[in-house]
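# Overview (structure and organization)
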Amino acid sequence: MVAIASYGGYIPVFRLGRQEMSQAWGIPGVPGERSVASADEDSITMAIAAGFECMAGIDPASVDGVYFASTTPPYDEKQCASVVASALDMRQNIFTADFTDSVRAATVAMRAACDAIESGSAKRVLVVAADNRPAEPETMWEQLLGDGGAAFLLSADGPATVRGFQSVTSEVIGPWRRSSDRYVRAFEPKLDTQYGYMASMVAAAKALAEKEGVGPKDISKGVFSAGDPRSNVALGRQLGLEMPQVQDTGFLLLGNTGTPQVLMMLAAALDAAKAGDKLLVANYGDGADAFLVEVNDAFPAVPGKRSIQTYLMTKRMLPNYNAYASFRKLMVRDRFVPKSSPVIYWRDSKMELALYGARCRKCGTVQYPIPRVCVQCGTKDELDEVKLARKGTVFTFTLDHLVGGEYLSTPVPRVVLDLEGGGRTFLQMTDCDPKEVSIGMTVELTLRCLHEGAGFHNYYWKCQPVRGG
Amino acid sequence: MPGIKDRVAIAGVGCTKFGELWEKDQEDLLVEAVYEALDDAGITPQDIEAAWVGVLYHFTGISGGTFAEPMKLFGKPVTRVENFCASGMDAFRNACFAVAAGAYDIVVACGVEKLLDQGSSGLPMEGGHPVMGGVSAPGLFALAATRAFHEWGWTREDLARVAVKNHKNGVAHPKAHFRRAITMDDALKAPMIAWPLGRFDCCAMSDGSAALVITRPEIAKTMKHKDDYVVVKANALAVDSTYPMYRPGYNWLGFPATKKAAAVAYEEAGIKDPVKEIGFAEVHDCFTSTELFNMGDLGFVDPPKAAEAVRDGMTEVEGAIPINPSGGLKCFGHPIGATGCRMLYEVTKQLQGRADGLQVKDPVLGMAHNLGGPGSVCSLTILGRHD
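Thresholds applied
- Residues numbered from 1 in each chain as written.
- Chains lettered and ligands numbered in written order.
- Predicted model: local features only at pLDDT ≥ 70, side-chain atom pairs only at ≥ 80, totals over all residues.
- Helix = DSSP H or I, 4+ residues; strand = E, 2+ residues; numbered from the N terminus.
- Rg over C-alpha atoms; globule rule 2.2 N^0.38 Å.
- Buried ≥ 20, exposed ≤ 12 C-beta atoms within 10 Å, placed from the backbone.
- Contact = placed C-beta atoms within 7 Å.
- Axes fitted to C-alpha atoms, helices over the stretch in contact; angles between N-to-C directions.
- Left-handed = near helix turned anticlockwise from the far one by under 90°.
- Nonpolar A, V, L, I, M, F, W, Y, C, P; charged D, E, K, R; others polar.
- Pairing = 2+ DSSP bridges.

## Observations regarding the overall build of chain A
Helix and strand counts for chain A come out as 13 helices and 20 strands. For 469 residues, the compact-globule formula gives about 23 Å, and the C-alpha radius of gyration of chain A, at 22 Å, lands near that figure. If one aligns the C-alpha atoms of chain A with their principal axes, the spans along those axes are about 70 × 55 × 35 Å. Classification of the 469 residues of chain A by burial places 51% in the buried group. Within chain A, contacts between residues separated by at least 24 positions form 70% of all contacts whose residues are at least 6 apart in sequence.

What follows is the structure, given as structure tokens:
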């Protein structure tokens, strides 16, 4: 048996009203708003954020594999799952893999994780999915897409079981990007909707229902990915489901988040589910995957863990299209790129990614970065590594107008933080209004892409006002 | 600690005009400052036995060649000194020790920096850790100012008052970068650089060089300034944490390096009551808030009361302890390696009664305070008239 032990979602704090996009270009507008990843966010950082939600209260050492799914992996050559595993402080003797090239990668990874657990090669596998797909300026894609992430921990046991995987493959040119393309492309969508989406999803879902012996009345929710706000409803109708039985895609508030969409929808459905519920999940992309989730028990409440709903509600509206264009780096700008070194990134990864400091055995002072000699009592080499908290209080700060970078605007808040449980650090604050920064303010740490020094993604911690806190 | 009190004399001083010296390079600046010091001492380049040159940035110069090459003085012992913004005064310190030890009779300490060749919008942010560093100089010092606003109730007006005072002093100084009085309004309405520091709270990016001829008192007695040479009463250097922002419990109210250096220097010079005994001080006002912190750290005033003391005129040229009668870094700017030597140039001329700008009335002792890093390196010198 394979079960969902835990799950979590992540939505960037920034949203843009779609009317801002239609006004910017003088093109028709779609109602609602979309989520927009911050300038310092990418699929890796959003996958990590979702991973932290999913892993709240769970020992990372219990996980045997991390699968990363995205059509927008920040690296073409170099694994992303390894970054996620390091930041989540997973063991090193685990299996990590990236699943990509199709928004179906999320359920491909889910199926691979279930197969691994069923075969006995792993007891627990964490699947993380995230996307921030590139939309061509002055097209509807800008309004249709959204950014986000989701994570599911699959395990031999858990409150909800997963079973009955059915897949189909289908070669219909739906949305695509060649390796040389900057933006998502699509042909007239009718072909893909009818002969791709509808055909594949129906085939996979029907095969699943038949195999598991469930009819439309047995299904409490149909969780169907969809690139637009209507296709999933039409699919539900085709499968004999009533409107309330079809899980909303979140299109009006988020847009189509691509790879993580189906898992974000499943997370929202599980938040509302009760024991005995059966969820039929189907995901499209060059074919389709379908599986059944049966809820047996309520998922345990973990203090501080945030639901998809909390992430939906905690938002900041971008003032205009320019802000979006700046975040997406749609204008080519030459900025100062700090120096970096893969050597230092590797040597310090336990501090920089897994966020370890040290505690002095003599005086007990928790300190960061990890020194050889205690900063407090001067004792040499008597320090134990200690995991630092991802929460702290602002001790002092500045709003720096001289530091440039990939920002919507300066100033950049730089804050000295006292971390819960000890340790002091010095970080940039992101996803905030600089006017809100104050001494004594509580903040949470968030892993972001700090800069591109030495031509690689230099991930490091920033802090942000606590979301939903 | 025996120290070097009364064992080292300054026999000559030189200083270029500070400013945006686009048409000059580091060679022009260093040669001008050193030749002025040599003329002042009445000696020739060949009389220099050894030299120390303070420089921070590699683009101004690396190695002892920073001095030897422009001076075309080859084959002599020259050392480049780097110790953050206190590089200049640390060059002086090492030169003093060589003379006090009897290793040489006549040496030169100088400093130079050519910041404008790198552009003019803030010090280059280079070196350091790829992700744990990366903050501007104003950003670092602002962390302390924000804390003092919170703990001590200092305000942006308190900072502006320091800028107004120093700009007033600088008007008279022919070598200052800025010779323009400003109003409170000018200071308060200037663009923000790093909250709570606005443009007039920050010292400027400037070019410059300064130099000193150093010898022992018995030799100074035979030289051009035999009647009014100046002696070193104390010199102290303290190096604190380079990364105070990571230091648990660090309170950001003032700078420990200054407190430590002051304690050592006062003991060496035998000073009990600095405000009464020291005639004036050139202190490191890289930012207006730094000048306020310095007043507390140097023991001039109860630290939270520094803002009040400035308001009451304590640090005006006619006040109980004039601070930065030259106009300070606020008016000279801060060509890093040059600043410590420029302060010593100023203190020497004040003690000799020949200040270029505003002359403090009859000082016997004067202080030069040079602070580097985020308050992490302090070099402090007390000079006095010879007995």
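## Structural notes on the packing of helix H4 (residues 137-152) of chain B against helix H10 (residues 288-297) of chain B
For any two helices packed against each other, one specifies the crossing angle of their axes together with the interaxial distance. Residues and elements named next belong to chain B. The interhelical angle for the contact between H4 and H10, taken along N-to-C directions, is 65°, at an axis separation of 9 Å. Relative to H10, H4 is oriented so that their crossing is left-handed. Across from Phe141, Ala144, Ala145 and Ala148 in H4, the residues of H10 making contact are Ser289, Thr290 and Phe293. Grouping the amino acids of the contact of H4 with H10 by side-chain chemistry returns 5 nonpolar, 2 polar and no charged.

## Some thoughts on the interface of chain B and chain A
Tallying the contact residues gives 25 residues for chain B and 33 residues for chain A. Of all the secondary-structure elements, those providing two or more residues to the side of chain B that touches chain A are H4 and strand S5 (192-195) of chain B. In terms of residue count, H4 of chain B provides more of the side of chain B that touches chain A than any other element does, 7 residues in total. For the side of chain B that touches chain A, the per-class residue count stands at 15 nonpolar, 7 polar and 3 charged. With 2 bridges connecting them, strand S16 (residues 391-400) of chain A and S5 of chain B associate as antiparallel partners. The partner of Asp400 of chain A across the bridge, within S5 of chain B, is Ala194 of chain B.

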